[in-house]
Amino acid sequence: MRGYAWAVALAAAVLVVTVALTARIFTIDQPATGSTQAAPRPSTPAADDTQSPCPANDTHRRVLVSVSRQHLWLCDDGRSVATSPVTTGRSATGHGTPLGSWRIVSHETARYLEGPGYRIHVHFWLPFFGDIGFHDSPWQRFPYGDLERYQTEGSQGCIHVPGPMMAELYRWTRVGTAVTIAA
């Protein structure tokens, strides 16, 4: 058991840093409201957007997602460059989107996603944690950003992004781009 102590200590340290970072990121922003559009265009914040959830000391590109706000931000050099409502995993049925920090591991187009009871075609696929990733969802029939319906009608854990924003996210990210998912 003693041989695993360093791994346990490292995992605990990573968890503490992740929690501290996500708490800092998402406590300075105002709560988002649900969208009434099924496929909104990405919005660009004003130049004086002091409420950005992007960490000011971050000098890299990062995709931030708040599950409780059902919202996504693209951060570049500590500034929010685009934002969009999203739909995350069905938390009420055990398919919640995992919380933590990762990196995009692949950039794919025209792909079929498969799992128990489904096989769906997506135009863009950006996985970051096993079979969890960002993708478009033209079949979704309720508004992205809906703070209630995602809990029972959301994804299998992935992050559904409106088509126009998903195309932008695909163009804006690279393999290795940081991803942070917070409560």
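As the structure is a computational prediction, the values presented were derived from the model and not from experiment.

Visitor: What exactly am I supposed to notice about the pairing of strand S6 (residues 118-129) here?
Guide: Taken residue by residue, a regular strand's side chains alternate between the two faces of the sheet. For strand S5 (residues 108-115) and S6, the ladder comprises seven bridges, and the chain directions are antiparallel. When the sheet's bridge partners are listed, Glu-108 is paired in S6 with Trp-125. What sits between S5 and S6 in their antiparallel hairpin is a turn of two residues, with Gly-117 showing a positive phi close to 85°. Pairing geometry for S6 and strand S7 (residues 132-135), over four bridges, is antiparallel. From the neighbouring strand, Trp-125 faces S7, where its bridge partner is His-135.

Visitor: Which parts of the structure should I look at to understand the sheet that holds strand S2 (residues 71-76)?
Guide: Strand pairing in a sheet is mediated by backbone hydrogen bonds. Such pairs are either parallel or antiparallel. Pairing within the open sheet is mixed, and its five strands lie in the order S3-S2-S1-S9-S4. The outermost strands of the open sheet, each flanked by one partner alone, are strand S3 (79-85) and strand S4 (100-103). Across this sheet, the average inter-strand angle for adjacent strands is 20°, counted without regard to direction. The pairing of strand S1 (residues 61-66) with strand S9 (residues 178-182) spans five bridges and is parallel. Looking across to S9, one finds that Val-63 is bridged to Val-179. Across the sheet, helix H3 (residues 163-172) lies against S1, S2 and S3, angled at about 30° from S2, the strand it touches most.

Visitor: Can you walk me through the layout of surface pockets in this structure?
Guide: Where empty space is left can be seen by rolling a probe of water-molecule size over the atoms. Estimates place the volume of the largest pocket at around 370 Å³. If you go around the largest pocket, you meet 22 residues; those closest to its centre are Tyr-118, Ile-120, His-135, Gln-156 and Cys-158. Here the lining of the largest pocket gets four residues from one element, more than from any other, and that element is S5.

Visitor: When you look at the pattern of salt bridges in this model, what are you seeing that I'm missing?
Guide: Opposite charge on two side chains makes pairing possible when the charged atoms of those side chains draw close. Considering all chains together, one arrives at six salt bridges under this definition. Two residues, Asp-76 and Arg-61, come together in a salt bridge whose shortest N-O distance is 3.7 Å. Placement of Asp-76 in strand S2 and of Arg-61 in strand S1 is noted, with a sequence separation of 15 residues between them. A relative accessible area of 35% means that Arg-61 is categorised as partly exposed. A salt bridge links Glu-108 to Arg-111, with the shortest nitrogen-to-oxygen separation between them at 2.9 Å. Judged by relative accessible area, Glu-108 falls into the partly exposed class, the value being 23%.

Visitor: Looking at this structure, I do not really get the nonpolar core. What am I missing?
Guide: A general feature of soluble globular proteins is that nonpolar side chains tend to end up buried together. Ranked by internal contacts, the top residues of the largest apolar core, which has 23 residues, are Val-63, Leu-72, Phe-134, Val-161 and Leu-169. For this core, the secondary structure elements donating two or more residues are S1, S2, S6, S7, H3 and S9. Counting residues per element, this core draws most heavily on H3, at five residues. Not counting residues up to four positions away in its chain, the partners in contact with Phe-134 are Val-63, Val-65, Leu-72, Phe-124, Trp-125, Leu-126, Phe-128, Ile-159, Val-161, Met-166, Leu-169 and Val-179.

Visitor: Honestly, the packing of aromatic side chains in this entry has me stumped. Any pointers?
Guide: Ring pairs (aromatic) are described by centroid distance and by the angle formed between their planes. For the structure on display, the rule yields four aromatic pairs. Centroid distance Trp-102 to Phe-128: 5.5 Å. Interplanar angle 40°. Geometry classified as tilted. Of this pair, Trp-102 sits in strand S4 while Phe-128 sits in strand S6, placing them 26 residues apart in sequence. What makes Trp-102 buried here is its relative accessible area of 18%. Ring centres of Trp-102 and Phe-129 lie 4.9 Å apart, and the angle between their planes is 40°; on these two criteria the pair is classed as tilted. Of this pair, Trp-102 sits in strand S4 while Phe-129 sits in strand S6, and the two are 27 residues apart along the sequence. The ring of Tyr-112 has Arg-119 lying over it, and the distance from NZ or CZ to the ring centre is 3.9 Å.

Thresholds, definitions, all that
- Residues numbered from 1 in each chain as written.
- Predicted model: local features only at pLDDT ≥ 70, side-chain atom pairs only at ≥ 80, totals over all residues.
- Heavy atoms only, no water.
- Pairing = 2+ DSSP bridges.
- Helix = DSSP H or I, 4+ residues; strand = E, 2+ residues; numbered from the N terminus.
- Axes fitted to C-alpha atoms, helices over the stretch in contact; angles between N-to-C directions.
- Contact = heavy atoms within 4.5 Å.
- 1 Å grid on protein atoms, 1.4 Å probe; cavity = no way out; pocket = protein on both sides within 12 Å on 5 of 7 lines; lining within 4 Å.
- Points joined across faces, edges and corners; volume = space filled by probe spheres on them.
- Salt bridge = Lys/Arg side-chain N within 4 Å of Asp/Glu carboxyl O.
- Buried < 20%, exposed > 50% of the residue type's maximum accessible area, 1.4 Å probe, protein only.
- Core = buried A, V, L, I, M, F, W, Y, C linked by side-chain atoms within 4.5 Å.
- Phe/Tyr/Trp six-rings, centres within 6.5 Å; stacked < 30°, edge-to-face > 60°.
- Lys NZ or Arg CZ within 6 Å of the ring centre and 35° of its normal.

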